[in-house]
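Analysis of the macromolecular model
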Amino acid sequence: MKMSETAYSGKRITCDYLIVGSGLAGMTAALEAAKHGRVIIITKSKAEESNTRYAQGGIACVIGEGDSFEAHVQDTITAGAGLCHPEVVRAIVSAAPERVRDLQDCGLHFTLQKDVEENASGAQGNQYHLGQEGGHSTRRILHAGDITGREVSDVLLARCRENQNIIILENHLAVDLISTGHIEWQEENCCLGAYVIDTATHEIKTFLSKFTMLATGGAGKVYLCTCNPDIASGDGVAMAYRASAEIRNMEFYQFHPTILFHPKAKSFLISEAVRGEGAILKIKKGDHYETFMEKYHPLASLAPRDIVARAIDNELKRSGQPCAYLDIRDHSEEFLRKRFPNIFKECLKFGINMAEDLIPVVPAAHYCCGGVRTDVHGVTTIKRLYAIGEVGCTGLHGANRLASNSLLEAMVVAYNAVCHSVGQPATIPEISAHIIPDWSKGDAVDSDEQIVISHNWEEIRRLMWDYVGIVRTDKRLERAKNRIRMIRKEIEKYYWNFIITPDLIELRNLASVAEMIIDSAIARKESRGLHYNADYPPAPIESKGKDTVLRRPLKSEIWFE
Ligand code: SIN
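Residues numbered from 1 in each chain as written. Predicted model: local features only at pLDDT ≥ 70, side-chain atom pairs only at ≥ 80, totals over all residues. Heavy atoms only, no water.

On to the packing of helix H1 (residues 24–33) against helix H13 (residues 406–422), then. Their axes nearest at 8 Å, the elements H1 and H13 cross at an angle of 30°. Classed by the angle they form, the pair H1 and H13 counts as roughly parallel. In terms of crossing hand, the pair formed by H1 and H13 is right-handed. Contacts between H1 and H13 involve Leu24, Ala25, Thr28, Ala29, Glu32 and Ala33 on the former and, on the latter, Leu407, Ala410, Met411, Ala414, Tyr415 and Val418. Residues that form the contact of H1 with H13 fall into these classes: 10 nonpolar, 1 polar and 1 charged. (Axes fitted to C-alpha atoms, helices over the stretch in contact; angles between N-to-C directions. Helix = DSSP H or I, 4+ residues; strand = E, 2+ residues; numbered from the N terminus. Parallel < 35°, antiparallel > 145°, perpendicular 65-115°, else oblique. Left-handed = near helix turned anticlockwise from the far one by under 90°. Contact = heavy atoms within 4.5 Å. Nonpolar A, V, L, I, M, F, W, Y, C, P; charged D, E, K, R; others polar.)

This is the structure we're talking about:
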């Protein structure tokens, strides 16, 4: 019988695996880990809500004739602009078919040729329909219509919910990791679990686990314009940083070039797969529309994402126009409705018929290529702490992620992480309440100034958009640094004086991630991939770059300085 969730309603809770986040990485790890022990997934919202859910494009996987692992590796490395770790790229790309089969075993159906094309029949009709996206030298994207993320999330959630060894606790937000490094001087910093707030009751519980896996997704909310959901506040990276994990390459925030530009559309993504099917980017000039991408890259509208986002930004600034446009009117309405059922429907809601009208688009923050430094097994620099999915930085994406490599990385690294943990010596830390005390609010009192939270939240997102966006300069970064330093000080003071709330925890994390992006951007004295600083020329295409690494010293290290 499945252990009831009320069995986990106490204040001090133990498990074998504590997984923070319910997207593809978290649920893949949970299903694998459940073969070895008791798993708790905590998720700060509903279990359905995650970055995964909003992924449209699909999963890059070598499956078609005429494609090869080596070609996928090379495309990833080219997009990554000299910062990919080739051994990591090879390991992840070559594991794709096996992990894709796991997803199919869980019940996922990928789109077939016959689902999309009018005349696909017989054997040909039963082959996968492979999507094309920017930077890929061939069609290799497996997809489930244009809602791949939603389908993935639904099938995995169903499998997790029926698994006897997995408990999902919704409305539970991690406050901080519990690590030995900050409790007492230890030779090795080791993660023992996390303090977690129940967002309904605001009670803070102590979770103690053999292994802790961060699967918290991205941090798009750090920017004013983003296609990420509201939950994407960088909680995992911020917690790992506070626990002294190494954080890598935070300056590489990916902006998706084509978010629907409409006052009533809440940051709706127009998948790169639309350009893969032939959509062309245009800009309004007087009373007509002109193409422009051929001036920027030989692949024109299908160039890697960093180049397309920067080109649109440049065209908008030069022309004063509020948006660019996608033109896919060469296709029939029948094809577009079959290939992009959700995007077609969503555009129609706003009076845009993709078969007849141009689609207005702008770039917005989409994906964090940096994160908690890990290897291909999600192993961080803190013992028994893993980071999987967007929160981690394995070295796969380098300075610019290749489209549809993110779901791939999430499921490969999540699976690898559990395999790695199985051989590790670990016990559930039944450490006395004296050493790991339960959370105490100390002298903190209820705040009567909640306005501080909403004000700082907005200010951070605006300053990041204005000063640390698609095009940066030394001066803008310096301004951003001065401002974020003041905001962070104010938040820290507030954090320690007042009883903490979920909003305050997210704000503190967001500010911390903003500062990490700024610090990493300041440290990089070149333009490379997604980090474009107008004060430095772009690094030569063939040049190898160096990772940016941040680490907050442990208390004991500060003491000995
Ligand atoms: C998209 O569908 O354009 C997003 C795919 C991705 O970010 O990998």
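Strand order in the open sheet made by the 4 strands is S17-S15-S9-S18, with mixed pairing throughout. Two strands lie at the open edges of the sheet, namely strand S17 (392–393) and strand S18 (549–550), each paired on one side alone. Across 2 bridges, strand S9 (residues 247–248) lies against S18 in antiparallel orientation. Bridging across to S18, Ile247 finds its partner in Leu550. Sitting on the sheet, helix H8 (residues 235–242) touches S9, strand S15 (371–373) and S18, and the angle it makes with S15 is about 45°. (Pairing = 2+ DSSP bridges.)

Around the ligand lies a shell formed by Gln56, Gly57, Glu133, His256, Leu269, Ser271, Glu272, Arg305, His366, Arg401, Ala403 and Ser404. Arg305 is positioned such that a nitrogen or oxygen atom in its side chain is 2.9 Å from an oxygen atom of the ligand. In the model, an oxygen atom of the ligand is placed 2.6 Å from a nitrogen or oxygen of the Ser404 main chain. Considered on its own, the ligand offers 260 Å² of accessible surface; in the complex 95% of this is hidden by protein. When the residues that make up the shell around the ligand are grouped by side-chain class, the tally is 2 nonpolar, 6 polar and 4 charged. (Near = heavy atom within 4 Å. Polar contact = N/O pair within 3.5 Å; in protein donor to acceptor, adjacent residues only side chain to side chain. Areas by Shrake-Rupley, 256 points an atom, 1.4 Å probe, with all protein chains shown as cover.)

This part is about the packing of aromatic side chains. Between two aromatic rings, the relevant description is the distance of the centres plus the angle of the planes. Under the definition given, this model contains 12 aromatic pairs. Look at Phe255 and Trp465: their rings are 5.9 Å apart centre to centre, the planes differ by 55°, and that puts the pair in the tilted class. With Phe255 in strand S10 (residues 253–260) and Trp465 in helix H14 (residues 451–467), the pair connects residues that are 210 residues apart, well separated along the chain. We classify Trp465 as partly exposed; its relative accessible area is 24%. With centroids separated by 5.0 Å and ring planes inclined at 85°, the aromatic side chains of Tyr495 and Trp496 adopt a geometry described as edge-to-face. Looking at Trp496, the relative accessible area reads 56%, which means it is exposed. Through successive ring pairs, a cluster of aromatic residues spans Tyr223, Tyr253, Phe255 and Trp465. (Phe/Tyr/Trp six-rings, centres within 6.5 Å; stacked < 30°, edge-to-face > 60°. Buried < 20%, exposed > 50% of the residue type's maximum accessible area, 1.4 Å probe, protein only.)

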